[in-house]
Amino acid sequence: GAWVCDGIAGPFVLGALRPKIYLPCWLGEESRAHVLAHESCHLRRHDPLIRLIALFTAALHWFNPLVWLGFKLMEMSCDEAALRALGAEKQKDYSRTLLALGTGRRGYGPALAFGMPAVKKRILHVLNLRRTGRRTLALASAVLLLAGLTCCTDAAPKTPTGQIRETEQSVADRTE
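Residues numbered from 1 in each chain as written. Predicted model: local features only at pLDDT ≥ 70, side-chain atom pairs only at ≥ 80, totals over all residues. Heavy atoms only, no water.

*Asks:* Just checking my understanding: could you explain the packing of helix α1 (residues 29-44) against helix α4 (residues 91-103) for this structure?
*Replies:* In a pair of packed helices, the angle between the axes and the distance between the axes together describe the arrangement. Taken N-terminus to C-terminus, the directions of α1 and α4 make an angle of 90 degrees; their axes are 10 Å apart at the nearest point. Considering their axes alone, α1 and α4 lie roughly perpendicular with respect to each other. Facing Glu30, Ser31, His34, Val35 and His38 of α1, the residues of α4 in contact are Asp93, Tyr94, Thr97 and Leu101. Of the residues in the contact of α1 with α4, the class split is three nonpolar, four polar and two charged. (Axes fitted to C-alpha atoms, helices over the stretch in contact; angles between N-to-C directions. Helix = DSSP H or I, 4+ residues; strand = E, 2+ residues; numbered from the N terminus. Parallel < 35°, antiparallel > 145°, perpendicular 65-115°, else oblique. Contact = heavy atoms within 4.5 Å. Nonpolar A, V, L, I, M, F, W, Y, C, P; charged D, E, K, R; others polar.)

*Asks:* Honestly, unusual backbone geometry in this entry has me stumped. Any pointers?
*Replies:* Most peptide bonds take the trans form, and the phi angle of most residues other than glycine is negative. Positive phi outside glycine occurs at His46, with the angle close to 60 degrees. Within the secondary structure, His46 is located in the loop between α1 and α2 (47-60). Its relative accessible area of 54% is what places His46 among the exposed residues. (Buried < 20%, exposed > 50% of the residue type's maximum accessible area, 1.4 Å probe, protein only.)

*Asks:* Any chance you could explain the environment of Ala118 here in plain terms?
*Replies:* Relative to the assigned elements, Ala118 resides in helix α5 (residues 116-127). On the accessibility criterion, Ala118 (31% relative accessible area) is partly exposed. The spacing of Ala118 and Lys72 is 46 residues in sequence and 8.4 Å in space, taken between C-alpha atoms.

So, in structure tokens, the structure goes:
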């Protein structure tokens, strides 16, 4: 369910285990439908709990750009899911809602995804959204899998005891 509140700056989801959607009372019907499609996507994917884990990860790996990229992609993927639910013809209307939420500060509340630079990038993403082809997805998956496997390899082979074995050549060198 969604809660409509007076005095909050924008919509947000609050809570990790039992999250709720909070909407400002000044949202119009069309904007409310856009926001609910977006925020419902967060709930379906359990993003509030994932975001909590991601914040902990970001605290430990603050220097890793992939952690911060994950935050950005979470919002953009919910924008894409919302547009699939609403229909692709709603791109411009959805973008207007993002712009209104990004510029119309009318109260208090966590509007982390609605700073102006973030809104500009999200609007451009929504307006340029095209369906990703299967070949592109397969190539991207292969690259990510290869990168993951590369990161999991160890450059130096180790023996079970952790000791370095002598080679026959090194033993022969000492006996001469």
